[in-house]
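Single-letter residue listing:
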Amino acid sequence: MGLPQIRGAQAREVWRRLGAVTDPELDEPITDMGFVERLEVRRGEVDISFRLPTYWCSPNFAFLMADGIRKAAMAPAWVSKVRVRLMDHCFADRVNAAVNSGEAFDAVFAEMSDGADLSEVRETFREKAFLRRQEAVILGLKAMGWTAAQITGLTLAGYDALNLDNQPEAAAQKPRYREILVEDGLALLPDDLAFVTWRADPLLPEGLGDHMMRLRSIRINMEFNGAMCRGLAAARYKEVDRSGEEPELIDFLLGRVPPRDHGASPQSRS
Amino acid sequence: MYTTPDGKEIFVLDCHTHFWNGSPENQRNIHGKQFIDCFYAYHTGLSPKEQLWEKSRFEKQSVEQVYRDLFIDGPDDMAIIQSTYLKDFYKEGFSSIERSTQLANVNPGRFIVNGSFDPRDGEKALEYIHYMKETFDIKGVKMYTAEWNGDSKGWKLTDPAAYKCFELCEKLGIRNVHVHKGPTIIPLSKDAFSVDDVDYAATDFQGLNWIIEHCGLPRLDDFCWIATQETNVYAGLAVALPFIHARPRYFGEIISELLFWIGPEKILFGSDYAIWTPQWLVEKLWAYQIPEDIAAEHGVQLTDEIKEKILGLNAARLYDIDVAAKRAELAQTPVRIAAE
C-alpha cells in the first residue's frame, strides 16, 4: 500500500483525476486506499495497475473501479490510449479483458449475473455514498447545536454559506455531498432544500430522528467494509504501521527484519 | 470457564470455531492458498500485536494446541466446531467432520461438532445428511453459500434443492443452521452481501434456528430488520467482536444496534478460532463498556448479565445444554492433553 512513483506533469494530472474514482463500497478514493500500484505515461499512452485488499474482492466492484479508472484516465485531451490492469484477483483476466476492450460487464460475466447489468449496483452505491456524506454534514450541524427544524429547512444557498471549520468531518464531506446533490438533480436552485431523501423528498423535522438512525446503519456497514479493507490491504501488502518504532513481533512474522527499504519501487514487492 | 476480576465464574460456549487444514500440502490450487492467506490477513488485521501467530502455526493446528488455546489458556467451557469443505480448493477439505470428530473424542464433552452439506449435490446431499445424523448425531450444520462447486460459484438458502435439505434437517432434529453471511463474491449482478434469503428460509422453517455468523456484516441493518421480525434468527458475533480491540468505539455501535434491534437473548459469542483466540476476546468483552454517548443514543446497556448470556447461556439454550449439569460434569473431567 502507498503511492506509486508518479513522474511528470501528465502522470500527475492522471493521478489527480484518479482521486475521483472511489471504491463503491467505501466511498473513499482509490488513491487514498492505496489500491493504485503503478501509473506510467508514455507518448500519450497511460498504463495503470491496481490491486485490491484480497483476491476475493467482489468482481463487480473490481469492474466498477477498473471502468472508473479507464474513464478518468481517458479524460485529458492528450491521452490516446489507456491500459488498466487488475492484479492478483480471482477474476483478474476477465475483468481486464472486459475493461480494456470496452465490453459490458454483463457480457463478460453473463453466466454469473443473471442477465442483469451493473447499473443497479451503481445506483445502490451512489445512494449509499449520498446518504453517508449527508449524515456527516448533519452530524456536524447537530454538534453545533442546530435544531431539527433548522436542519430540515436549510436551503442550498444556506448550505453553501455554512461555516463548518470546527467540524472537520462535516467540512470534508460538505463539497462531496453537494456534488451528488447537484449532479443528480436533487437540489438545483438556491431556494431548494439542501437535505432531502434519495427520492428527492423533503425531510420533516419530526422525522429527522428516524432518518438519522437509517443513515447511521448505512455508515456502520460502510465502516465495516472500510476497516476490513484497510486491515486486509495492510496485511496483504505487508505494510503494517511501524512508524518510527523498534521492530515488533509483526515485523519478525512478516520477515521485515532487517527493515525493508521504504524507497523500493512498487514492482519490487509483487 | 471465565473467572471475572471479582471472582464470578462465567460459562463460555464458543459458537464458532474450526479445526482446519489450510497448509500447502492440502491446498489443491492457488485458490486454496489465497483462501487461507485471506484468513491470515483477518488475523493480522484485527489481532492485538502480542496475539499474532506465525503463518505456519496459523495454517494448521495440532490437537494439543487447539485444546490449549480454547480450554487451558482460553476460557471456553465448550466450543462448536464448524465444518467447511471447500473441496474445489483443498484436497481433503478445509475442515471435515471426520477430522474434527477425532479432535473432539480426545476430551469428550467439550466439543459440539457440526456438519455441513452442499444442496447442489441433490440426492447425495440428502443421503449425506442422513449419514452425518446416524454417524455423528449432529445437532447443527454450517452453511457456506459462497462455496464454489464446479461451474457454480454459490447458492442461496431459498434454492429448491436447499429447501429439501432443510426439510430433512427439521425432520431429523438437526435444528441449528449456522449461515456464513459476510463478504462473498456472488451473485455478481446484485449487492453481493444480501441477507434476503435468510428472511424467507427462517419464515418457512420455523422449527430451525438460524444463526447468522458475522451478523450479516456488512449488511447489519438488513440483518437486524430480519432478525427483529423472525423469532428464530440469531446473531453470531464472529468477526464483529475483534473490533473491540482495533476499533472499540465502532464495536460499541455494532453491539448497540444488535441490542436495540434484536435484544440480548439472540446474540452469540464466537471466537472464529483459529482466526482469533477466545482468551483475549472474552477478557476484552467482559471489561468492555459501550461509550456513553452511543449507549444513550440507542438507549441500551451492556450489563454483566447480558454479557453472560452472550458468552454462553443463549447458545446453551439452542443446543439443549443444562448449564449447571454441564458445569458439574466438566469440573469432574479437566481437559487432558499429551505431555510435551
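What you see is a predicted model, and the numbers here were worked out from it, not measured in a lab.

Parameters at a glance
Residues numbered from 1 in each chain as written. Chains lettered and ligands numbered in written order. Predicted model: local features only at pLDDT ≥ 70, side-chain atom pairs only at ≥ 80, totals over all residues. Helix = DSSP H or I, 4+ residues; strand = E, 2+ residues; numbered from the N terminus. Buried ≥ 20, exposed ≤ 12 C-beta atoms within 10 Å, placed from the backbone. Pairing = 2+ DSSP bridges. Axes fitted to C-alpha atoms, helices over the stretch in contact; angles between N-to-C directions. UniProt positions renumbered as here; feature names shortened; annotations may be inferred. Core = buried A, V, L, I, M, F, W, Y, C linked by C-beta atoms within 7 Å. Domains from an automatic or database assignment. Contact = placed C-beta atoms within 7 Å. Right-handed = clockwise from strand over helix to strand, strands pointing away. Nonpolar A, V, L, I, M, F, W, Y, C, P; charged D, E, K, R; others polar. pLDDT = per-residue confidence, 0-100. Parallel < 35°, antiparallel > 145°, perpendicular 65-115°, else oblique. Left-handed = near helix turned anticlockwise from the far one by under 90°. Expected span 1.5 Å × (residues − 1). Arc of directions from axis to C-beta.

**Section: unusual backbone geometry**
Of note, the bond from leucine 217 of chain B into proline 218 of chain B is cis; its omega dihedral lies within 30 degrees of zero at 5°. Take proline 218 of chain B: it is sitting in the loop between strand 8 (209–213) and helix 8 (220–229). With an omega dihedral of 5°, the bond running from tyrosine 273 of chain B to alanine 274 of chain B counts as a cis peptide bond. Counting through the fold element by element, alanine 274 of chain B comes out in the loop between strand 10 (267–268) and helix 11 (278–287). The backbone of aspartate 88 of chain A sits at a positive phi, close to 50°, despite the residue not being glycine. Relative to the elements of secondary structure, aspartate 88 of chain A occurs in the loop between strand 5 (81–87) and helix 4 (92–101). Despite not being glycine, alanine 200 of chain A shows a phi value in the positive range, around 70°. Inspection of the secondary structure assignment puts alanine 200 of chain A in the loop between helix 9 (168–183) and helix 10 (208–236). Judged by the 13 C-beta atoms lying within 10 Å of it, alanine 200 of chain A is partly exposed.

**A short note on the sheet that holds strand 5 (residues 111–113) of chain B**
Residue and element names in this part refer to chain B. The strand order across the open sheet built from three strands is 3-4-5, with neighbouring strands paired in parallel fashion. This sheet does not close on itself; its edge strands, each paired only once, are strand 3 (13–17) and strand 5. The sheet shows a mean angle of 20° between the axes of neighbouring strands, taken without regard to direction. Two elements, strand 3 and strand 4 (residues 78–81), share three bridges in a ladder whose sense is parallel.

**What to know about the pairing of strand 5 of chain A**
All names here are of chain A. Side chains Val82, Val84 and Leu86 project from strand 5 onto a buried face, and the interleaved Lys81, Arg83, Arg85 and Met87 project onto a face without burial. One ladder, built from seven bridges, connects strand 4 (residues 45–51) with strand 5; its direction is parallel. Residue pairing for strand 5: aspartate 47 is matched across the bridge by arginine 83.

**Examining the UniProt feature "domain: MIP18 family-like" (unreviewed entry) in chain A**
As annotated by UniProt and renumbered to match this structure, "domain: MIP18 family-like" (unreviewed entry) occupies residues 13–83 of chain A. End-to-end, the C-alpha atoms of residues 13–83 of chain A are 16 Å apart, and along that stretch the chain is 37% helix and 30% strand.

**Points about the nonpolar core**
Of all hydrophobic cores here, the largest spans 144 residues; its most connected members are Ile69 of chain A together with Val198, Trp210, Ile212, Ala235, Leu258 and Leu268 of chain B. The element that contributes the greatest number of residues to this core is helix 3 (residues 59–74) of chain A, accounting for nine residues. Lining this core are residues from two domains, each supplying at least three of them: domain 1 (9–115) and domain 2 (120–225) of chain A. Residues within four places of tryptophan 210 of chain B in sequence aside, it is in contact with Val177, Val179, Val198, Ala201, Ala202, Asn232, Val233 and Tyr234 of chain B. Ranked by size, the runner-up nonpolar core spans 13 residues in total, among them Ile138, Leu154, Leu186 and Leu203 of chain A.

**Notes on the pairing of strand 9 (residues 233–236) of chain B**
Residue and element names in this part refer to chain B. Both faces of strand 9 are covered, namely the face carrying Val233 and Ala235 and the face carrying Tyr234 and Gly236. Note that strand 8 and strand 9 share four bridges and pair parallel. Directly across from glutamate 213, in strand 9, lies its bridge partner glycine 236. Tracing the backbone out of strand 8, into helix 8 and back to the parallel element strand 9 gives a crossover that is right-handed. Two elements, strand 9 and strand 10, share two bridges in a ladder whose sense is parallel. Bridge assignment links alanine 235 to a residue of strand 10, and that residue is isoleucine 267.

**A look at the domain arrangement of chain A**
Size of an interface: often given as the accessible area lost when the parts come together. Residue and element names in this part refer to chain A. On domain assignment, one finds that chain A holds domain 1 (9–115), domain 2 (120–225) and domain 3 (233–264). Taking the mean C-alpha position of each, domain 1 and domain 2 sit 29 Å from one another. Tallying the contact residues gives six residues for domain 1 and eight residues for domain 2. Split into classes, the residues belonging to the side of domain 1 that touches domain 2 amount to three nonpolar, one polar and two charged.

**A short note on the environment of histidine 18 of chain B**
Residues and elements named next belong to chain B. Along the chain, histidine 18 turns up in the loop between strand 3 and helix 1 (30–46). Residue histidine 18 is classed as buried on the basis of its C-beta count, with 23 C-beta atoms lying within 10 Å. Sequence separation of histidine 18 and alanine 125 is 107 residues, and the distance between their C-alpha atoms is 22 Å. If sequence neighbours within four positions are ignored, histidine 18 has contacts with Ile81, Gln82, Thr84, Ser95, Tyr273 and Ala274.

**Concerning the confidence of the model for chain B**
Residues and elements named next belong to chain B. Across chain B, pLDDT averages 92, with 96% of residues at or above 70. Counting interchain partners and residues more than four positions distant, the pLDDT-below-50 stretch residues 185–190 has 22 contacts. Interface confidence for the predicted complex, expressed as ipTM, amounts to 0.79; the pTM equals 0.85.

**Describing the packing of helix 1 (residues 9–18) of chain A against helix 3 of chain A**
All names here are of chain A. Two numbers describe how helix 1 lies on helix 3: the axes approach to 9 Å, and their chain directions differ by 135°. Judged by the inter-axis angle, helix 1 sits oblique to helix 3. Crossing hand, helix 1 versus helix 3: right-handed. For the pair helix 1 and helix 3, contact is made by Val14, Arg17 and Leu18 and by Ile69, Ala72 and Ala73, respectively. Grouping the amino acids of the contact of helix 1 with helix 3 by side-chain chemistry returns five nonpolar, no polar and one charged.

**Regarding helix 6 (residues 160–172) of chain B**
Residue and element names in this part refer to chain B. Between its terminal C-alpha atoms helix 6 stretches 19 Å, which fits the 18 Å expected from 13 residues at 1.5 Å a residue. Listed as buried for helix 6 are Ala162, Cys165, Phe166 and Cys169. Each buried residue of helix 6 sits inside an arc of 100° when the element is viewed along its axis, so together they form one side. Opposite its buried face, helix 6 presents the exposed residues Pro160 and Lys171, each directed more than 90 degrees away. Taken together, the buried residues of helix 6 touch helix 5 (123–136), strand 6 (140–143), strand 7 (176–180) and helix 7 (196–204).

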